[in-house]
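# Structure assessment
Residues per chain are reported as follows:
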Number of protein chains: 2
Amino acid sequence: MNIGIYGYGNLGKGVEDAIKRNEDMTLSAVFTRRSPESLKIATEGVPVVSCSEIMEWKNKIDVLIICGGSATDLPEMTPELAKSFNVVDSFDNHSSIPKHFEKVNSSCTENNTTALISCGWDPGMFSLNRLYSLCVLPGGKDFTFWGKGVSQGHSDAIRRIEGVIDARQYTIPVEEAMNRVRNGETPDFTARDKHLRECFVVAEEGADKERIEKEIVSMPAYFEPYNTTVHFISLEEMKRDHAELPHGGSVIVSGETGKNGCHKQVIEYKLSLDSNPEFTGSALVCFARAVYKMFKRGDFGCKTVFDVAPSDLSAIDRGELIAHLL
Amino acid sequence: MNIGIYGYGNLGKGVEDAIKRNEDMTLSAVFTRRSPESLKIATEGVPVVSCSEIMEWKNKIDVLIICGGSATDLPEMTPELAKSFNVVDSFDNHSSIPKHFEKVNSSCTENNTTALISCGWDPGMFSLNRLYSLCVLPGGKDFTFWGKGVSQGHSDAIRRIEGVIDARQYTIPVEEAMNRVRNGETPDFTARDKHLRECFVVAEEGADKERIEKEIVSMPAYFEPYNTTVHFISLEEMKRDHAELPHGGSVIVSGETGKNGCHKQVIEYKLSLDSNPEFTGSALVCFARAVYKMFKRGDFGCKTVFDVAPSDLSAIDRGELIAHLL
């Protein structure tokens, strides 16, 4: 399988790393909006190509993995590129997924291509676990906890505050809330009950730290609904202690079976990730394999992780899977 | 969907309970090898029928869920019944699954039926998590821990010892081993490193308890490879404290990404089940839905959980799943 990477930020680099770990895949090219000469990628001998030349690669790439942002990039890129390529993206703006799906699906059905959107861990692996668990335990209740991990969106929001040079925001699940759910309780949590937000901020010299802290903790939607702590640190400390992008979390589904629901049944799916973009990239890559298998079977259109039979994710043949993993 | 239950032990009762929680399903009949008059089932108005009359139900049942034992029942029942019905079973003898698969697949392809074998939690949900996790993290290592929970097979083995009236065996995962894997280590464990076995035994009056204990802890395959503790209790204590069938466990997959594998990525799927047979029954029922959908699409043959697109497990339509669970 020949894979193309469209966009070379943290996620694109994660995809590149994952391709090396999958022997049936080859990285054909990296496409960038930057000047190709300015970009040095980690894989030797692979061309870096300007996005403007992508149509010349139409028949040389089996699946194109689009590594753009969900806010403005993917809503434009994925429907357009799906007209000419099989594509995978990680569109994660939950409320806009149905609209994104419709646009990508039109491109695919009109051009006989296959796409898979909203892949990664949430949406992605977490979505799968919500679905599987609620199918096994109908009437059950699902809880998603995120962290401990770096939220890029919240870090960016702090960076936009006047007087802030750099910032890192950790989302931290409230252990007590998780343990209540693990014990089979199904409380109605507020946002504050489930997560804490811890911020590390580098301020400009002489900046009013009290004002910055107040602006952070009162920021609507991002911080106001949570208990938030703010630590001011030096640029050196930021570089030394907060250079990584760990993340993770848990999907916990609690349901009942038996007479009058006498038996609690609890399912937890938990991720502990040293690198969020590399894990997301790894997920995109194995779903790219499934997209190519579906395309070759003539199964065109826009897909989600819900539509993929798990065996299609694997490079191992069916008999081996049955013998060794079932 | 009209569901039939073939066999009415603990698992059959678990399936019956699960059918009530799925509004698109109706229990049509329970088939038993016992005398039908002797059997009182939990659902009012549903016929209890002798297994010998099953062929009269050929066109009245969409999926037959076969609730027999893996040792001798299912290897005979599933291939035979799959000639006339769409079927689901929970065949869990891992080493014999490929042979069982071939026999059932022949029945299905010759008769245009759809079957799904080896469903439940292990094999079943645990298998799915091994597969998904190893696809996302190729080169990763998977660890399965069982318990704390009642092992029926080990309890039965103790009951066969002379002088034993009743027994309950709990499989207990070694917390320290689990925590090593959760921290990203990938040790080569022995059986003894991963699980403890705790036995509660009711002995006949005057029986030689020292001999019974020795026979238990030295039993090859079942107990000899483990650290085993034996407690002698009264029949009253057995009924009071050990009447339930809890179980569970974890599948943990540990992998690496990044330059020289610098980033650990750990995925854990954990079940905490108050009732093993009711959870297994719940899994069988949602996979029965998928079997019927596949059958209606003309997708005949023997399937496993690896072949089922997750959306086929759900009674909810695709648009709703995308909008609310993705």
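Bear in mind that the values here come from a model prediction, so they are computed numbers and not experimental data. (Residues numbered from 1 in each chain as written. Chains lettered and ligands numbered in written order. Predicted model: local features only at pLDDT ≥ 70, side-chain atom pairs only at ≥ 80, totals over all residues. Heavy atoms only, no water.)

### Concerning the pairing of strand β4 (residues 63-66) of chain B
Residues and elements named next belong to chain B. The alternating pattern of β4 places Val 63 and Ile 65 on one face and Leu 64 and Ile 66 on the opposite face, and all of these are buried. Relative to β4, strand β1 (residues 2-6) runs parallel, the two sharing four bridges. Within the sheet, the bridge partner assigned to Ile 5 lies in β4 and is Ile 65. Each parallel crossover has a hand, and the one from β4 via helix α2 (residues 73-81) to strand β5 (residues 87-88) is right-handed. (Buried < 20%, exposed > 50% of the residue type's maximum accessible area, 1.4 Å probe, protein only. Helix = DSSP H or I, 4+ residues; strand = E, 2+ residues; numbered from the N terminus. Pairing = 2+ DSSP bridges. Right-handed = clockwise from strand over helix to strand, strands pointing away.)

### A short note on the relation of the copies chain A and chain B
The relation between the two chain copies is a rotation about an axis coupled with a shift along that axis. Take chain A, turn it by 180°, move it 0.0 Å along the axis, and it overlays chain B with an RMSD of 0.0 Å. The superposition operator between the copies reduces to a two-fold rotation axis. When the interface residues of chain A are mapped onto chain B, 100% of them again fall at the interface, so both copies present the same face. (Least-squares fit on C-alpha atoms with pLDDT ≥ 70 in both. Contact = heavy atoms within 4.5 Å.)

### Some thoughts on the environment of Glu175(B)
Residue and element names in this part refer to chain B. Note that Glu 175 resides in helix α6 (residues 175-182). With a relative accessible area of 47%, Glu 175 lands in the partly exposed category. Considering only alpha carbons, one finds Glu 175 and Lys 209, 34 residues apart in sequence, at a separation of 30 Å.

### Describing the domain arrangement of chain A
Residues and elements named next belong to chain A. Taken as a whole, chain A is organised into domain 1 (2-121 + 278-324) and domain 2 (125-275). Averaged C-alpha coordinates put domain 1 and domain 2 at centres separated by 28 Å. Carbon and sulfur atoms supply 70% of the area buried between domain 1 and domain 2, which totals about 1,100 Å² over both sides. Counting the surface domain 1 buries against domain 2, the share from its top three residues, Trp 121, Phe 279 and Phe 306, is 61%. Seen at the junction of domain 1 and domain 2, the total is zero salt bridges. Our count for the domain 1 to domain 2 interface comes out at five residue pairs in polar contact (both at pLDDT 80 or more). Classifying every residue of the side of domain 1 that touches domain 2 gives six nonpolar, three polar and one charged. (Domains from an automatic or database assignment. Buried area = accessible area lost by both parts, 1.4 Å probe. Salt bridge = Lys/Arg side-chain N within 4 Å of Asp/Glu carboxyl O. Polar contact = N/O pair within 3.5 Å; in protein donor to acceptor, adjacent residues only side chain to side chain. Nonpolar A, V, L, I, M, F, W, Y, C, P; charged D, E, K, R; others polar.)

### Structural notes on the side chain of Lys194(B)
Residues and elements named next belong to chain B. Position of Lys 194 relative to the elements: it lies in helix α7 (residues 191-194). Buried and unpaired, Lys 194 has no salt bridge, with Asp 142 as the nearest side chain of opposite charge at 8.0 Å. A distance of 2.9 Å separates a polar side-chain atom of Lys 194 from the backbone oxygen of Thr 144. Leaving out residues up to four positions away in the same chain, Lys 194 has contacts with Thr 144, Phe 145, Ile 172, Pro 173, Val 174, Ala 177 and Phe 189. (Lys, Arg positive; Asp, Glu negative; His and termini not counted.)

### Comments concerning the sheet that holds strand β6 (residues 114-116) of chain A
Residues and elements named next belong to chain A. With parallel pairing, seven strands are arranged side by side in an open sheet as β3-β2-β1-β4-β5-β6-β14. One side of each edge strand has no neighbouring strand; the edge strands of this open sheet are β3 (48-50) and β14 (301-303). The average undirected angle you get between the axes of adjacent strands in this sheet is 25°. Examined bridge by bridge, strand β2 (residues 26-32) and β3 share three bridges and lie parallel to one another. In the strand pairing of β3, Val 30 is matched with Val 48. Taken strand by strand, helix α1 (residues 10-20) contacts β1 (2-6), β2 and β4 (63-66), and its axis lies near 165° from that of β1. Packing of helix α2 (residues 73-81) onto the sheet brings it into contact with β1, β4 and β5 (87-89), and relative to β4 it is tilted by some 175°. (Axes fitted to C-alpha atoms, helices over the stretch in contact; angles between N-to-C directions.)

### Concerning the interface of chain A and chain B
Opposite the 65 residues of chain A that make contact, chain B presents 65 residues. Here chain A and chain B share an interface that buries about 5,600 Å² over both sides, 62% of which is from carbon and sulfur atoms. Three residues stand out in chain A for area buried against chain B, namely Tyr132(A), Leu325(A) and Leu326(A), and they jointly supply 14% of the buried area on that side. One salt bridge in this structure joins Arg318(A) and Asp307(B), with 2.8 Å as the shortest N-O distance. Here chain A and chain B share 35 residue pairs in polar contact (both at pLDDT 80 or more) between them.

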